[in-house]
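Structural description and commentary
For reference, the chains in residue letters:
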Amino acid sequence: MTKAIFDLPEITNEPVKSYAPGTAERKELKAKLTEFKKGGLDLPMVIDGKEVRTDKLHDIRPPHNHQHLLGHYHQGGKEHVQMAIDAALKAKPAWENMNWESRAAIFLKAADLIAGPYRQSINAATMLGQSKNAFQSEIDAACELVDFYRFNVRNMYDLYAMQPNSSAGIWNRMVWRPIEGFIFALSPFNFTAIAGNLPGAPALMGNTVVWKPSKTAVYSAHIIMQILQEAGLPDGVINLVYCSGPDAADVIFKDKHFAGLHFTGSTKVFDGMWKTISENVSTYNSYPRIVGETGGKDYVFADPTANAKQVATALIRGAFEYQGQKCSAASRAYIPENLWDDVLKYMKDDLKNIKVGDVENFTNFVNAVIDEASFDKLAKYIDEAKASGDAEVILGGEYDKKVGYFIHPTVILAKKPDYVTMREELFGPILTVYVYKPDEVEETLDILDKTSRYALTGAIFSARRDKIEHYTHRLMHTAGNFYINDKPTGAVVDQQPFGGGRRSGTNDKAGSIFNLIRWASPQCIKETFVPATDYMYPNFLEE
Ligand code: NAD
């Protein structure tokens, strides 16, 4: 039992390494890529701390080089989901009774392992498995995951310190209990950090977890699991299964011990699960926590006083980094006519220099999209725009899947503000621009507000403070993360807590105390030192 109130070690954001030519990190990463590219991967599930293999093998191939075989993973079925639930329930009593500083130490150690000896492994696995370039991997798989694990510890500490007042003669206490049952963590392909945080945050709070990563991010998930085990995570606390989402959901949502869903992914999948959970709600021992961060149709709005070069740079970075496969990616822009020629010229100049290709060539800014289904979907949107009278492909528009799933950065000019690519999340390197008349700012803000059902991120550009204040109020509900004179991507843990409203999720702000609260079921304890011995209150006495 803990016999002290400990301070935490200092917790700050993990510094991002540059990978510039000549740096040690660049050399180390290149060596790791060569090592990992040799292949031979054989990735088992990890249930109750043990490796579980099946006779169903699935290939792992880099999206940018689909003829290259890295190895395979072992696909599980419903029986493995059940094994994972059983293991989570078995591990729960010991884990929830473990001192908080021991749980904290495991995640702080995992963070140090990622920042240190595993940094280039997690980067290389993310680069090869998810086609992220060196810098994008570094800010995601290394730094953001380190930040999640470290800041979660600090947030847990602050939460535990949140205690009620006590009047004379009593002592009120709040115990931040874990939730009874098990948590289901279901992660997307696009951020290794999110994949590590979805099981990690509930586990830190004393919960046990069944974790199903995306089938296109199994390689980095495997490394995360390896790190957590090396950090001392007890068997069964996080159980990693590789099976289809519907298979996992089918078993999990029927189980009376199901106690919470920690999800990041598309709105459609979240809607489906929310519906199933509602239908089954009377089955469960308690009301499950449902936390889901979902899709976006993120905007950049420039007003007539904005700086065209700054707007163009925000659009290029915001729309095309990681091939636009960020939930926060700029995918629709509203540009006034007076700036449009300049913005277009600057974007054209930048795109001339932007190289598309594999991740091993560090000069490639844009790499492949995640898989063939995504490639085909994006190519269809481009073809439709080329054929449509309501839109025009003004930059890019090329695609090729012979070697890898490459979609070139593409800019569509929408002649109507509700053209399909202004409304729907495409999740690729496609930006749609609507050019408005400079005297129609208010009408354009209305259009922006109503065009999409999402409200994840948004950016405004203006040189005028009064206008900035006006847009900030006017667009209050359009974005959970709102940027002034900056691109709408690149949120940093503990600096810009991330999450959106409307159809973009429950907005519990991953990496913040608000998210951690969802994984606790507070118990209030009132202790009276000298209990009453007379049932009467003074008002009942005779005059
Ligand atoms: P996805 O919804 O296709 O998949 C997410 C997870 O759900 C995967 O593990 C997948 O296997 C599983 N899944 C898919 N269908 C399922 C079903 N019917 N039942 C149960 N599980 C199922 O999302 P993705 O393509 O991996 O990721 C991209 C999406 O994630 C985009 O919509 C993006 O905006 C969103 N995203 C949001 C945030 C955020 O913070 N708001 C962050 C990252 C990604």
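A short tour of the structure in this document, coming up. Since the structure is predicted, the reported quantities are computational estimates derived from the model, not experimental observations.

Turning our attention to the overall build of the protein chain. Looking only at helices and strands, the protein chain has 16 helices and 23 strands in total. Taken over C-alpha atoms, the radius of gyration comes to 25 Å for the protein chain, in line with the 24 Å a tight globule of 543 residues would show. Dimensions of the protein chain, computed from the C-alpha atoms along their principal axes, are close to 85 × 70 × 50 Å. Relative to all contacts within the protein chain whose residues are 6 or more apart in sequence, the contacts with residues 24 or more apart total 77%. Carbon and sulfur atoms make up 53% of the accessible area of the protein chain, which totals about 23200 Å². Distance from the positive charge centre (60 side chains) to the negative charge centre (67 side chains) of the protein chain: 3 Å.

For helix α10 (residues 308-320), with 13 residues, the first-to-last C-alpha span of 18 Å sits near the 18 Å given by 1.5 Å per residue. The residue sitting at the N-terminus of α10 and contributing the capping side-chain oxygen is Asn307; that oxygen lies 2.9 Å from the backbone nitrogen of Lys309. Residue Tyr322 follows α10 closely and has a positive phi angle near 45 degrees.

Attention shifts here to the environment of Phe301. With respect to the element layout, Phe301 can be found in strand β12 (residues 298-302). Measuring from C-alpha to C-alpha, the distance between Phe301 and Glu440 comes to 13 Å, with 139 residues separating the pair along the chain. The contacts of Phe301, once residues within four sequence positions are left out, are Tyr334, Tyr436, Val441, Thr444, Leu445, Leu448, Ala459, Ile460, Phe461 and Tyr471.

Looking now at the packing of helix α3 (residues 100-115) against helix α5 (residues 134-160). The N-to-C vectors of α3 and α5 enclose an angle of 160 degrees; their axes lie 8 Å apart at closest approach. As judged from the angle between their axes, α3 and α5 are roughly antiparallel. Between α3 and α5 lies a crossing whose hand is left-handed. Counting all contacts with α3, which are made through Trp100, Arg103, Ala104, Phe107, Leu108, Ala110, Ala111, Asp112, Ile114 and Ala115, the residues of α5 involved are Ala141, Ala142, Leu145, Val146, Tyr149, Arg150, Val153, Met156, Tyr157 and Tyr160. When the residues that make up the contact of α3 with α5 are grouped by side-chain class, the tally is 17 nonpolar, no polar and 3 charged.

Turning our eyes to something else, we now look at the site of the ligand. Around the ligand, the structure places 25 residues, and the nearest of them are Ser187, Ser266, Thr294, Cys327 and Glu425. A distance of 2.6 Å separates an oxygen atom of the ligand from a polar atom in the side chain of Glu425. Contact with the protein chains covers 83% of the free accessible surface of the ligand, which is 850 Å².

With that out of the way, let us pick up the pattern of salt bridges. Counted by the stated rule, this structure contains 34 salt bridges. As a salt-bridge pair, Lys437 and Glu337 come within 3.6 Å of each other at their nearest N and O atoms. Of this pair, Lys437 sits in the loop between β18 (430-436) and α14 (441-451) while Glu337 sits in helix α11 (residues 337-353), and the two are 100 residues apart along the sequence. Given a relative accessible area of 42%, Lys437 falls into the partly exposed group.

Taking strand neighbours across the sheet as the criterion, the 3 strands line up as β1-β5-β4 in an open arrangement whose pairing is mixed. One side of each edge strand has no neighbouring strand; the edge strands of this open sheet are β1 (41-43) and β4 (57-60). Between one strand axis and the next, the sheet turns through 25 degrees on average, direction left out of account. With 4 bridges connecting them, β4 and strand β5 (residues 71-74) associate as antiparallel partners. For Ile60, the partnering residue across the bridge sits in β5 and is Gly71.

Moving on, we get to the environment of Phe263. If you trace the backbone, Phe263 turns up in strand β10 (residues 258-264). Residues Phe263 and Ala193, 70 residues apart in the sequence, show an inter-C-alpha distance of 13 Å. Excluding anything up to four places from it in sequence, Phe263 contacts Leu186, Leu198, Val269, Phe270, Met273, Val291, Gly292, Glu293 and Thr294.

It is worth spelling out the environment of Ala84 at this point. Relative to the helices and strands, Ala84 is located in helix α2 (residues 78-97). We classify Ala84 as buried; its relative accessible area is 0%. Linking Ala84 and Trp211, residues 127 residues apart in sequence, is a C-alpha distance of 8.7 Å. In this view, Ala84 contacts Ile47, Val210, Asn239 and Val241; residues no more than four positions away in its chain are not counted.

Not every positive phi belongs to a glycine, and Asn485 is a case in point at roughly 55 degrees. Among the structural elements, Asn485 can be located in the loop between β21 (481-484) and β22 (501-502). Asn485 gets classed as partly exposed once you look at its relative accessible area, which sits at 34%.

Glancing now at the side chain of His222. Looking at the secondary structure, you find His222 in helix α7 (residues 218-230). His222 gets classed as buried once you look at its relative accessible area, which sits at 19%. Not counting chain neighbours up to four residues away, the residues in contact with His222 comprise Leu43, Pro44, Leu240 and Tyr242.

A few words now on the pairing of strand β13 (residues 330-336). Along β13, 7 of the 7 residues are buried, which leaves the element largely enclosed by surrounding structure. As paired elements, β12 and β13 share 4 bridges and run parallel to each other. Its bridge partner lying in β13, Tyr299 is registered against Arg332. You can see the chain leave β12, run along α10 and come back into β13, and the turn it takes is right-handed. Here 5 bridges tie β13 to β18, and the two strands are oriented parallel to one another. Bridging across to β18, Tyr334 finds its partner in Tyr434.

Let us look at the packing of aromatic side chains. Going through the model one piece at a time under the given rule, you end up with 17 aromatic pairs. Summarising the aromatic geometry, the rings of Phe301 and Tyr436 are spaced 5.7 Å apart at their centres and angled 10 degrees between planes, so their arrangement reads as stacked. Taken as a pair, Phe301 in strand β12 and Tyr436 in strand β18 lie far apart in primary sequence, 135 residues in all. Accessibility assignment for this pair places Phe301 and Tyr436 in one class, buried. Here the aromatic cluster, defined as three or more aromatic residues joined through ring pairs, consists of Phe182, Phe184, Phe253, Phe258 and Tyr284. The ring of Phe362 is capped by Lys30, whose NZ or CZ atom sits 4.4 Å from the centre of that ring. Across from the ring centre of Phe191, 4.0 Å away, lies the NZ or CZ of Lys132, which sits over that ring.

Scoring rules and cut-offs
Residues numbered from 1 in each chain as written. Predicted model: local features only at pLDDT ≥ 70, side-chain atom pairs only at ≥ 80, totals over all residues. Heavy atoms only, no water. Helix = DSSP H or I, 4+ residues; strand = E, 2+ residues; numbered from the N terminus. Rg over C-alpha atoms; globule rule 2.2 N^0.38 Å. Contact = heavy atoms within 4.5 Å. Areas by Shrake-Rupley, 256 points an atom, 1.4 Å probe, with all protein chains shown as cover. Lys, Arg positive; Asp, Glu negative; His and termini not counted. Charge placed at Lys NZ, Arg CZ, Asp CG, Glu CD. Expected span 1.5 Å × (residues − 1). Polar contact = N/O pair within 3.5 Å; in protein donor to acceptor, adjacent residues only side chain to side chain. Axes fitted to C-alpha atoms, helices over the stretch in contact; angles between N-to-C directions. Parallel < 35°, antiparallel > 145°, perpendicular 65-115°, else oblique. Left-handed = near helix turned anticlockwise from the far one by under 90°. Nonpolar A, V, L, I, M, F, W, Y, C, P; charged D, E, K, R; others polar. Near = heavy atom within 4 Å. Salt bridge = Lys/Arg side-chain N within 4 Å of Asp/Glu carboxyl O. Buried < 20%, exposed > 50% of the residue type's maximum accessible area, 1.4 Å probe, protein only. Pairing = 2+ DSSP bridges. Right-handed = clockwise from strand over helix to strand, strands pointing away. Phe/Tyr/Trp six-rings, centres within 6.5 Å; stacked < 30°, edge-to-face > 60°. Lys NZ or Arg CZ within 6 Å of the ring centre and 35° of its normal.

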